[in-house]
Amino acid sequence: MADAGKVRQIALSLPQDTEEPHFDKTSYRVNKKIFATMVSEHSRATVKLSPADQDIFSTFDSSVIYPVPNKWGKQGWTHINLSTVKEEMLTEILKAAYCEVAPKHLAALVTFE
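The structure contained in this document is the topic of the report that follows.

Cut-offs and rules
Residues numbered from 1 in each chain as written. Predicted model: local features only at pLDDT ≥ 70, side-chain atom pairs only at ≥ 80, totals over all residues. Heavy atoms only, no water. Helix = DSSP H or I, 4+ residues; strand = E, 2+ residues; numbered from the N terminus. Buried < 20%, exposed > 50% of the residue type's maximum accessible area, 1.4 Å probe, protein only. Pairing = 2+ DSSP bridges. Axes fitted to C-alpha atoms, helices over the stretch in contact; angles between N-to-C directions. Contact = heavy atoms within 4.5 Å.

## Observations regarding unusual backbone geometry
You will see that Lys32, though not glycine, has its phi angle at about 70 degrees, which is positive. Along the chain, the position of Lys32 falls in the loop between β2 (25–30) and β3 (33–39). With a relative accessible area of 76%, Lys32 lands in the exposed category. The backbone of Ser43 shows a phi angle near 50 degrees, a positive value even though the residue is not glycine. As for its position among the elements, Ser43 is in the loop between β3 and β4 (44–48).

As structure tokens, then:
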């Protein structure tokens, strides 16, 4: 189980990440591009994944990780249920989302377990 504080901790540990408001959400960005948003009262984070990563992570358990149910989901935007996701998986998902939007030289600094 994770919470908004854990999402923030993991996201801000990534190179040159910033935390900024995005409408009624908190967004995490690299090079001004959003890779994750957080709405703590819904216990849900949303991340930008590649189609391959979205498919891999969603296959794990569609009640924990699932595409946004509209055209945004087809573009890789994926919801994470924070009340059921394991911290290790959350870390890997946030890293994958970061690498999806980060410049190559920054993405190369991220290591996966």
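After presenting the structure, the write-up continues.
## Considering the sheet that holds strand β5 (residues 65–67)
If you walk across this open sheet you meet the six strands as β1-β2-β3-β4-β6-β5, and the pairing is antiparallel. For this open sheet the edge positions go to β1 (17–22) and β5, each flanked by a neighbour on one side alone. Direction aside, neighbouring strands of the sheet carry axes that sit 25 degrees apart on average. Strand direction decides the pairing type here: β5 and strand β6 (residues 77–81), joined by three bridges, are antiparallel. Residue Pro67 lies in a different strand from β6, and its bridge partner there is Thr78. Seen against the sheet, helix α1 (residues 4–12) touches β1, β2, β3 and β4 and runs at an angle of roughly 135 degrees to β1. Packing of helix α4 (residues 87–101) onto the sheet brings it into contact with β2, β3, β4, β5 and β6, and relative to β3 it is tilted by some 145 degrees.

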